[in-house]
Amino acid sequence: MSASTGKFTMATAALALAASTAWTGAFAQDEGPIKVGILHSLSGTMAISETTLKDVMLMLIEQQNEKGGVLGRQLEPVVVDIASDWPLAAEKARELIEVEEVDAVFGCWTSVCRKSVLPVFEELNSLLFYPVQYEGEESQRNVFYTGASPNQQAIPAVDYLMNEVGIERWVLAGTDYVYPQTTNKILEQYLKDAGVAEDDIMINYTPFGHTDWQTIVSDIKAFGSSGKPTAVVSTINGDANVPFYRELGNQGIDAVDIPVVAFSVGEEELAGLDTAPLVGHLAAWNYFMSVDTPENAEFIEAWTAFIGDEERVTNDPMEAHYIGFNMWVEAVEKAESTDPDAVIENIVGVEVPNLTGGTAVMLANHHITKPVLIGEIQDDGQFDVVWETDDLVEGDAWSNFLPESAPLEADWTDPIMCGNYNTETETCGSGS
Amino acid sequence: MAASLDPGHRLRPLPNCPSGTSLMIRTFAARWLACLALGLLFSLNGAYAQEAPIDPAGPVADLVRQLPDGSYRDRGAVIGELAATGDSALVPLLRTLEAGELFLLTETGAIVTIEPEGDEVVATDVLTGEAIGTFGEDAVEEIRVNNLIRREVRAAVSQLTLMSDSPSVRIAAAREMFNGANADSIPMLDEALAQEDNETVRAVMEEVRAVAVLRSDAGPDETAAAVDTIIERGGRQALGILQASLGSASADVAPAIEAGIARIERNLALWGVGQNIWYGLSLGSVLLLAAIGLAITFGVMGVINMAHGEMVMLGAYTTYVVQEIIRNAAPGLFDYSLAFALPLAFLVTALVGIAIERGVIRFLYGRPLETLLATWGLSLIIQQAVRTIFGASNREVGNPSWMSGAFEVGGLAITNNRLWIIVFSLVVFAVLVFVMKKTALGLHMRAVTQNRRMASSMGIRTPWVDAMTFGLGSGVAGLAGVALSQISNVSPNLGQGYIIDSFMVVVFGGVGNLWGTLVGAFTLGVFNKLLEPHTGAVLAKVLVLVAIILFIQKRPRGLFALKGRAVEA
Amino acid sequence: MISQALLRGLNGKAMWVVALLVAAAILVPASNLLLPAGHPLRVPNYLVPLMGKYLCYAMLALALDLVWGYCGILSLGHGAFFALGGYAMGMYLMRQIGDRGVYGNPDLPDFMVFLNWDALPWYWQGFDMFWFAMLMVMVVPGLLAFVFGWFAFRSRVTGVYLSIITQAMTYALLLAFFRNDMGFGGNNGLTDFKDILGASVQAGGTRAALFAASALMLAAAFVVCSAIVNSKLGKLMIAVRDAESRTRFLGFRPEYVKLFAFVVSAVIAGIAGALYVPQVGIINPGEFAPANSIEVVIWAAVGGRGSLIGPIIGAILVNVMKSYFTVAYPNLWLFALGGMFVFVTLFMPKGIVGFLSGRRWPGRPARTTTDAGLDTAKPSPAE
């Protein structure tokens, strides 16, 4: 009896504790540390990709603190787990801003996560740095898109395949969600404009976490056996890639016959794969771990030391966080304040070095400039850069290859101050 | 360290491959590739070793010097021109190029291979085969290759090796030419055919020649004969070639081509059905593996074991750990890694299963729905524990060499790993049926599940049997994990992906019946794969689920319902 | 007659619950809106939608308990009804955006515009009208439950078979809603809402009103459930739960009893989903995930099934803990949550409410024979 009463007391205590902590708001601080929110999934399906980003943010904050912090104040990371649950992401974003009173948030991976938290950032006027390549078609005052938009990844990759590999037949394979759907819409239009016939484009969508690729890979093989050089443009999402590449390897599709160019496969994903059968397949990114620059060498060294594992790799979204974080620091120093409005005003035009030897500039549409690199998979899980753009490419919020978005522009500077400015009607959105 | 192309050196055994001290990952990888490619070259193309090197002043050498210039397309064209020279001494050079081992000495414009020496490199001119001297690493520039260059190199090499001494090289060369053959290839093919004495090679060459003829402006009789040859060969490539030629075909041969296309398509469609059934069986074997442990813990014991997927995951992680140890300690044993992993995975997951049974489940017998809650909690804990220990990202589990690759049976492409998994699933199933039906343990298990008190009265140690049964079910899940690690991600979420499908299979087959699980798994697999080409992957899965729901209405206790009193328990 | 039945539902304990919820519906918004910021008694802004969300979950758990705790139908697919209600509300909210979407298209939601839809699909028609959307919030889940239940219960699909096919149902819907071709926004779902009934969803007043609506709807659902379980029909439901065959042999038609409970439960779940969506600001197919439905079962079990208060307490408790742990111990919270499920099943088989009432009235007979432990060694009840 007494034992179970004890347990009961414990349970009640836990409940009371939980309730009281959740209910007590934090007190406002002016001169304490500057808080930075980290909003990534540490459990659930997206933990695979996002856990690393949490760690890289912790490292960047630690490094900044060693340099003396920002505005003479230390930075304090606030980590939350959104558990791959998107309504929970919105709740946590609200909590970070209202309760923890963070000054900026670095987070999200999926589009749905961004879409889910976006109204919260708008309402509470805070800052979100979003580090992943995405479908575009968005520009919001409170969000900074440090990953690639389609014109910084997909279109250059297709250009490369068309001009430098001589591809004439295209398979657009993706996971059925908004990023592949939009990217493939854009690419389809782009290819047709370039004179590719309808018959030479095959579009295929699969569910999340698809594991049985036998049918689709054999379809691709059949599609590619027509005699024309064929390539697969893959927007297949993280988890489904391993079985996809395994099936490609097993069915004997070799990169010389049908190269696959992927937009979501980086060093991190390859670390879970035996890459020997994949050598020669491609990926398009704005950063590769193998890029040989002093900045990158320093970053990799700091990262492996921070994580305590010599084998850990770096990847493109990590670079995006690196750039985003440095831009925020720069903007805060420039504004001499962490106030979101001041940061938003000062961040446009901020230039910070990226890890590939160039500079990233925050544009008026809250996207950044990036180089585009095409890499071939090597058997050690790294990429060998075979092609890169001559200049930095400016991130385009609204694609010119979608009829409805072609006339739209985003510009968060005076006098336009609008995320969806219609250049035809010269109004912001529909006037609201 | 890179192989020199000096003829005097070419007959040496395979040069030592680099041992990974280089900091530059890229070059390191490239070197391995070079080693591989050259190894292949040495084993196959001994014949070229005797031929004279390329004349450094001749037109061929001029072309070689153009290799580093211009876009990939321009350089691809240069390779085409090189192939047209028919100089088979170029083959090693092209192979080296393909491997990314060819460098440009920026100072003199010489094309060289390099061998590192301390911080510097020793360059060897590929044309003369002579060492030029020692240079700084910056003095040489890799001649970049991409898939276009590789494609051109392959085509060129196939043309240049068409008259090799080795029949296997000749046949490979002819096959490689099949797609790219055109009117220009005819003289070359005729020459090769004239001296060909091997019937198999000859047949392939004739097919290639037919393609070339079809694409040339040969007379109607010759074209008609070529069309027949191509139709006879069949397959997707032939279909593509015929379809492409239809546009430019003369009225005389067009009907024959059309008939040929129809015939090949019919043939392909027929094989396609067979292929889909094969895919379905393969999917079914995966479902069977995933579900069969559950058929014991859920089907036989009545525990709604939501942690079943995590047992599968633990099995996969055991494979990972075993492979890591083997990679570090005894790389030579890698092909046997699964043989070590299987018993270990069984042991690990069976022990975890027994611990779960003793620690939690035994308090919950007779309350099946509550086992759902407890095991769900356990599954969260196990997942997070694995995530904490191994990290959230995917882990690399390799295929042993005997599980890689594919072979063809008629028009069916059969991949080795899928074949092994089907075999493995059936073996596991057979063993399990044997254990249940023919051993004392199996007898006790059935007795306890059918009537616990009676069994207990007969002197069976029911708690021990419970633990063993749950351990067996979990252990089998661990075995499944080993197999699934070969085709899928090894991540903490692995189990979640299979748990729902596993329950569907067990329920569809009929709870408590192992044969039901077998038939259920293969039925669902084949059904799914037959639908997929028509509906797409997502809808196929939705339709399968709807079909299960409807089927359960018709047979509320699954495919093979247990009869009698046990049903009501 | 219905009012009589409802009054009967308002017996002693129910009165307390209803009073508490009504009080919350008044006090929380009042404190949030009227007290100045920084006042110690003021409910902070972020808590209002958060608590509203908990109440929606509580309503879902209550709905599940009506079929599971009282009728013995373990539905592992109740999240589907919740999500369908949510989607109906989401569609209304999307239509309210009007031409304020990023492309300024007056009819089509943004995701349809950039995926080149020409016109609004037929099943989106009518959702610009609030009354129609609210009707659909109840009709769609209700209809699905009716069709599904009609077939399943008549075919006498019971026990785990039923649980697994409900799971199949929600899984199939999950996959279907993930498809962008379905016209429900695919994985991104419906989001970026602007107005509800002309009021901005982001305004404090709207939030407070939504919270109040959630509390009142939960109270109403509680009264309805209470009325049902205290009626003769309720007794029949318990009879079906405890011995379905016996009930059938006595001349009752268990399938209709079950069907009734299932449909009512689905409608309540749909309403919960509809209230949930404007408060969290997004509805996406993730809500159909089988894991979510299992979680609902766990809330009910933790709180105590077979009592109407139990699931409400369970849902709120588990979610408060989840909110707290995901911030306080982001790396460890799954251990705590998983551990709690194991703990509750082992040591509080009737949940918190059963545990508490068991303390106070030790002589009270066990509510369900299916809860009999191994040691009591009773013969298992039929079905």
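Here the structure is shown first, and the text comes after it.
Bear in mind the structure is a predicted one, so any value in this text is a computation, not a measurement.

(A) Local environment of the overall build of chain A. For chain A, the count of helices and strands is 12 helices and 19 strands. A globule of 432 residues ought to have a C-alpha radius of gyration of about 22 Å, and chain A, at 23 Å, matches this closely. If one aligns the C-alpha atoms of chain A with their principal axes, the spans along those axes are about 75 × 65 × 45 Å. Within the span of chain A, comprising 432 residues, buried residues form 67% of the whole. Sequence separation of 24 or more characterises 66% of the internal contacts of chain A that already satisfy a separation of 6 or more. With an accessible surface of roughly 13400 Å², chain A has 50% of that area assigned to carbon and sulfur atoms. Taken together, the 19 basic and 70 acidic charged side chains of chain A have centroids lying 7 Å from each other.

(B) Representation of the overall build of chain C in the model. Each helix and strand in chain C was counted, giving 15 helices and 4 strands. For a compact globule of 383 residues, the expected C-alpha radius of gyration is about 21 Å, and chain C comes in at 21 Å, within 12% of that figure. Projected onto its principal axes, the C-alpha positions of chain C cover 65 × 55 × 50 Å. Here chain C holds 383 residues, and the buried ones make up 62% of them. Accessible surface, chain C as shown: approximately 14100 Å² in total, 68% of it carbon and sulfur.

(C) Spotlight on the side chain of S282 of chain B. Structurally, the position occupied by S282 of chain B is in helix α12 (residues 254-300). Setting aside anything within four residues of it in sequence, one finds S282 of chain B in contact with Q214 of chain A together with R418 and I422 of chain B.

(D) Seen up close, unusual backbone geometry. All names here are of chain A. Between D414 and the following residue, P415, the backbone shows a cis peptide bond with an omega angle of 5 degrees. Along the polypeptide, P415 turns up in the loop between β17 (408-411) and β18 (418-422). One non-glycine residue, E336, lies in the positive phi region at around 55 degrees. Its location among the elements puts E336 in the loop between α11 (316-335) and α12 (340-347). Despite not being glycine, M417 has its phi angle at roughly 50 degrees, a positive value. Within the secondary structure, M417 is located in the loop between β17 and β18.

(E) Spotlight on the interface of chain A and chain B. Each side of the interface is counted separately: chain A has 58 residues, and chain B has 57 residues. Both faces considered, chain A and chain B share a buried interface measuring about 4600 Å² in area, 46% of it formed by carbon and sulfur atoms. In terms of surface lost to chain B, no three residues of chain A exceed R246, N250 and V256 of chain A, which account for 15% of the buried area on that side. One salt bridge connects D212 of chain A with R418 of chain B, and the closest N-O pair in it is separated by 3.7 Å. Counting every contact that joins chain A to chain B gives 23 residue pairs in polar contact (both at pLDDT 80 or more). When its residues are assigned to classes, the side of chain A that touches chain B shows 24 nonpolar, 21 polar and 13 charged.

(F) Just the sheet that holds strand β19 (residues 427-428) of chain A, in detail. Taken in spatial order, the 3 strands make up an open sheet running β17-β18-β19 (chain A), and their pairing is antiparallel. At either end of the open sheet lies a strand with only one pairing partner, and these are β17 and β19 of chain A.

(G) Highlighting the interface of chain A and chain C. Contact with chain A, which involves 57 residues of that partner, is made by 52 residues of chain C. Between chain A and chain C, a total of about 4700 Å² is buried, with carbon and sulfur atoms accounting for 63% of that surface. Joining chain A to chain C, the criterion identifies 2 salt bridges. For E91 of chain A, the salt bridge is made with K53 of chain C, and the minimal N-O distance between the two is 2.2 Å.

Analysis parameters
Per chain, residues are indexed from 1 in the order of the written sequence. Each chain gets a letter, beginning with A, and each ligand a number, beginning with 1, in the order they are written. Since the coordinates come from a predicted model, pLDDT governs what is reported: local features require at least 70, and pairs of side-chain atoms require 80 or more to be given and counted, while whole-chain, interface and lining totals use all residues. Derived side-chain values reflect all non-hydrogen atoms in the structure, with water molecules and hydrogen atoms excluded from consideration. Going along the chain from the N terminus, every DSSP run of H or I of four or more residues is numbered as a helix, and every run of E of two or more is numbered as a strand. Atoms considered for the radius of gyration are the C-alpha atoms alone. The globule rule reads 2.2 Å times the number of residues to the power 0.38. Remark: exposure states derive from per-residue accessible area (1.4 Å probe, protein chains only) relative to the maximum for the residue type, with buried under 20%, exposed over 50%, and partly exposed in between. By definition, residues are in contact when any of their heavy atoms lie within 4.5 Å. Using a 1.4 Å probe, the Shrake-Rupley method yields the accessible areas, and only the shown protein chains count as cover for residues. The convention is simple: Lys and Arg are positive, Asp and Glu are negative, and His and the chain ends are not counted. Lys charges are placed at NZ, Arg charges at CZ, Asp charges at CG and Glu charges at CD. As a working definition, buried area equals the accessible area (1.4 Å probe) given up by two parts on being put together, with both sides summed. Salt bridge criterion: a side-chain nitrogen from Lys or Arg within 4 Å of a carboxyl oxygen from Asp or Glu. For this analysis, a polar contact is any N or O atom pair within 3.5 Å, provided that within protein one partner can donate a hydrogen and the other can accept it, and provided that sequence-adjacent residues contribute only side-chain to side-chain pairs. All residues other than Ala, Val, Leu, Ile, Met, Phe, Trp, Tyr, Cys, Pro, Asp, Glu, Lys and Arg, Gly among them, are scored as polar; the first ten of these are nonpolar and the last four charged. A pair of strands is labelled paired if DSSP reports no fewer than 2 bridges between them.

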